[in-house]
Amino acid sequence: MRFEDKRVIVTGAAAGFGEAIARSFAAEGARVMVTDIDGDAAAALAGELDGALPFELDVTDEDRTAAMAAAAADAWGGIDIVAANAGLPHRSAPMIDVPTDAFDLMWTVNVRSIYFAAKYCIPHMGPGSSIVATASIGGKRPRPNLVPYNASKAAAITLTKGLAAELAPDIRVNCDTPVSAPTGFDKVATGMDELPDRFNQAGIAGIPTVRLAVPHDVDAYELIHASDDAAILTGLAIDADCR
């Protein structure tokens, strides 16, 4: 197995992309710290995965993020991989109608959380370790009505590239940039539990594979980035947009 006994932290791991990432690392032999703001959901998922540990984490809380890194290092003696996946959109709207606190939240959750994870995990990571962040195709090709979200994901991409340059050659840092997928993202952005077909058809317009992403598309990319097979790759923002 590619990740036998690797020590992995996944943020935002209780649902959506994060759950798929955590399950796939565990299936490949890794010991996973399942972190999420929903502590009960994190504990439930960790209970299903061999060798996993749960940790309740609000990624906007610097002290709690430091405690997460310390807990992983205390339990395992170090950290090999950090999947900085946690993220959040705002309600879809023209930018001038987006409340300032919603704009600020995009940067707090989508950018500063990666900074916190890197800042406190890096001291426990040795040569050959890896950080993989979840950005968004919106950070490269922004669309209307999610401008603050898209801007925050563009910052996440730049943060990835800057960290990669700074930490090379010991620690690799990459991110993936997925297109929309049927996760909690759509519910937050639209306020709908299930999107009408016309929304989905608009979303796939121009995508050659004629479909949106699914969580497995993203976890597959993240495992590739984190694996020893990708030892030469750092500073990449790979599109997981079904193109």
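Structural notes, computed from the coordinates. In this text, all values refer to a predicted model and were calculated from it rather than measured experimentally. Numbering of residues begins from 1 in every chain and follows the order in which that chain's sequence is written. For this predicted model, a pLDDT threshold of at least 70 governs which residues receive local features, and a threshold of 80 or more governs which side-chain atom pairs are given and counted, while totals over whole chains, interfaces and linings are taken from all residues. Values shown for side chains rest on all heavy atoms present in the structure; no hydrogens or waters enter the calculation.

## What to know about the sheet that holds strand S7 (residues 237–240)
Link 1 in the chain: Taken together, 7 strands build an open sheet; the order of strands is S3-S2-S1-S4-S5-S6-S7 and the sheet is parallel. Each of the sheet's edge strands pairs with one partner strand only, and the pair in question is strand S3 (53–56) and S7. Between one strand axis and the next, the sheet turns by 20 degrees as a mean value, whatever way the strands run.
Link 2 in the chain: Pairing between two strands requires that DSSP report at least two bridges joining them. Strands are runs of DSSP state E lasting at least two residues, helices are runs of H or I lasting at least four, and both sets are numbered from the N terminus onward. Pairing geometry for strand S1 (residues 7–10) and strand S2 (residues 31–36), over 4 bridges, is parallel. Each bridged residue has a counterpart across the sheet, and for Val 8 the counterpart in S2 is Val 32.
Link 3 in the chain: We call two residues in contact whenever any of their non-hydrogen atoms come within 4.5 Å of each other. Every axis corresponds to a line fitted to the C-alpha atoms, with the helix fit spanning only the stretch in contact, and the corresponding angles, defined between N-to-C directions, vary from 0 to 180 degrees. Helix-sheet contacts for helix H5 (residues 147–167) involve strand S5 (125–134), strand S6 (171–178) and S7, and the interaxial angle to S6 is about 160 degrees.
Link 4 in the chain: Of the strands in this sheet, strand S4 (79–84), S5, S6 and S7 touch helix H8 (residues 215–226), which is tilted by about 165 degrees from S6.

## Quick look at empty space enclosed by the protein
Link 1 in the chain: Site definitions follow a grid-based scheme: protein atoms alone, a 1 Å grid, a 1.4 Å probe that fits but cannot get out for cavities, and for pockets an open set with protein on both sides within 12 Å along at least five of seven lines, plus lining residues having an atom within 4 Å of a point. Grid points are joined across faces, edges and corners, and a volume is the space filled by probe spheres set on the points. A complete count under the given rule lists 2 cavities of 30 Å³ or more for this structure.
Link 2 in the chain: Estimates place the volume of the largest cavity at around 50 Å³.
Link 3 in the chain: In this structure, the largest cavity is lined by Arg 2, Phe 3, Lys 6, Asp 80, Ile 81, Gly 128, Ser 129, Ala 226, Ser 227 and Asp 228.
Link 4 in the chain: Listed by contribution, the elements that provide at least two residues to the lining of the largest cavity are S4 and S5.
Link 5 in the chain: Under the scheme applied, nonpolar residues are Ala, Val, Leu, Ile, Met, Phe, Trp, Tyr, Cys and Pro; charged residues are Asp, Glu, Lys and Arg; polar residues are all the others, including Gly. In terms of residue class, the lining of the largest cavity is built from 3 nonpolar, 3 polar and 4 charged.
Link 6 in the chain: Its boundaries defined by the atoms lining it, the second largest cavity holds a volume of some 40 Å³.
Link 7 in the chain: Residue lining of the second largest cavity: Thr 11, Val 59, Ala 84, Asn 85, Ala 86, Ser 113, Ile 114 and Ala 117, and that is the complete set.

## A closer look at the pairing of S6
Regular strands have side chains that alternate between both faces of the sheet.
Link 1 in the chain: The element S6 is extensively covered by neighbouring structure, given that 8 of its 8 residues are classed as buried.
Link 2 in the chain: Side-chain alternation along S6 places Ile 171, Val 173, Cys 175 and Thr 177 on one buried face and Arg 172, Asn 174, Asp 176 and Pro 178 on a second face that is also buried.
Link 3 in the chain: Relative to S7, S6 is paired through 4 bridges, and the arrangement is parallel. When the sheet's bridge partners are listed, Asp 176 is paired in S7 with Ile 238. Each residue gets one of three labels from its accessible area relative to the maximum for its type: buried under 20%, exposed over 50%, partly exposed in between, using a 1.4 Å probe on protein chains only.

## Details of the side chain of His 90
Link 1 in the chain: The topology assignment puts His 90 in the loop between S4 and helix H4 (100–121).
Link 2 in the chain: For His 90, the side chain forms a polar contact with the main-chain nitrogen of Tyr 149, separated by 3.3 Å. Two N or O atoms form a polar contact when they lie within 3.5 Å of each other; inside protein one atom must be a possible hydrogen donor and the other a possible acceptor, and for residues adjacent in sequence the pair counts only when both atoms belong to side chains.

## Digging into a negative patch on the surface
Link 1 in the chain: Candidate patch residues must exceed 30% relative accessible area and have no salt bridge, after which like charges are joined if within 9 Å and Val, Leu, Ile, Met, Phe, Trp or Tyr side chains if within 5 Å. Here the open area of atoms and residues is found with the Shrake-Rupley method and a 1.4 Å probe, where only the protein chains shown may cover a residue. The term salt bridge refers to a pairing of a side-chain nitrogen on Lys or Arg with a carboxyl oxygen on Asp or Glu at a separation within 4 Å. Charged-residue counts in this description rest on Lys and Arg as positive and Asp and Glu as negative, His and the chain ends being excluded. Every charge is mapped onto a representative atom, which is NZ of Lys, CZ of Arg, CG of Asp or CD of Glu. A cluster of acidic side chains, namely Asp 38, Asp 40, Glu 56, Asp 58, Asp 61 and Asp 63, defines a negative patch on the protein surface.
Link 2 in the chain: Along the chain, Asp 61 turns up in the loop between S3 and helix H3 (62–76).
Link 3 in the chain: Overall, the relative accessible area of 34% leaves Asp 61 in the partly exposed class.

## Some thoughts on the packing of H3 against H4
Link 1 in the chain: Packing of H3 against H4 brings their axes to within 9 Å, and their N-to-C directions diverge by 40 degrees. The pairing of H3 with H4 is recorded here as oblique in orientation. Here H3 and H4 pass one another in a crossing that is right-handed. Residues Glu 62, Thr 65, Ala 66, Met 68 and Ala 69 of H3 form the contact with H4, whose participating residues are Phe 116, Ala 117, Lys 119, Tyr 120 and Cys 121. Working definition: roughly parallel below 35 degrees, roughly antiparallel above 145 degrees, roughly perpendicular at 65 to 115 degrees, and oblique for all remaining angles. By definition, turning the near helix anticlockwise from the far helix through less than a right angle yields a left-handed crossing, and turning it clockwise yields a right-handed one.

## So, the packing of aromatic side chains
Link 1 in the chain: Paired rings are identified among Phe, Tyr and Trp, the last through its six-membered ring, by centres lying within 6.5 Å, and are further divided according to the angle between planes into stacked (under 30 degrees), edge-to-face (over 60) and tilted (the rest). Summed over all chains, the structure comprises 3 aromatic pairs.
Link 2 in the chain: Ring geometry for Phe 3 and Phe 25: centres 5.0 Å apart, planes at 75 degrees, overall edge-to-face. Placement of Phe 3 in the segment before S1 and of Phe 25 in helix H1 (residues 16–27) is noted, with a sequence separation of 22 residues between them.
Link 3 in the chain: Seen in terms of ring centroids, Phe 103 and Trp 107 are 6.1 Å apart; in terms of plane orientation they differ by 40 degrees. Their pairing is tilted. You can see Phe 103 and its partner Trp 107 sitting in helix H4, 4 residues apart, about one turn around the helix.

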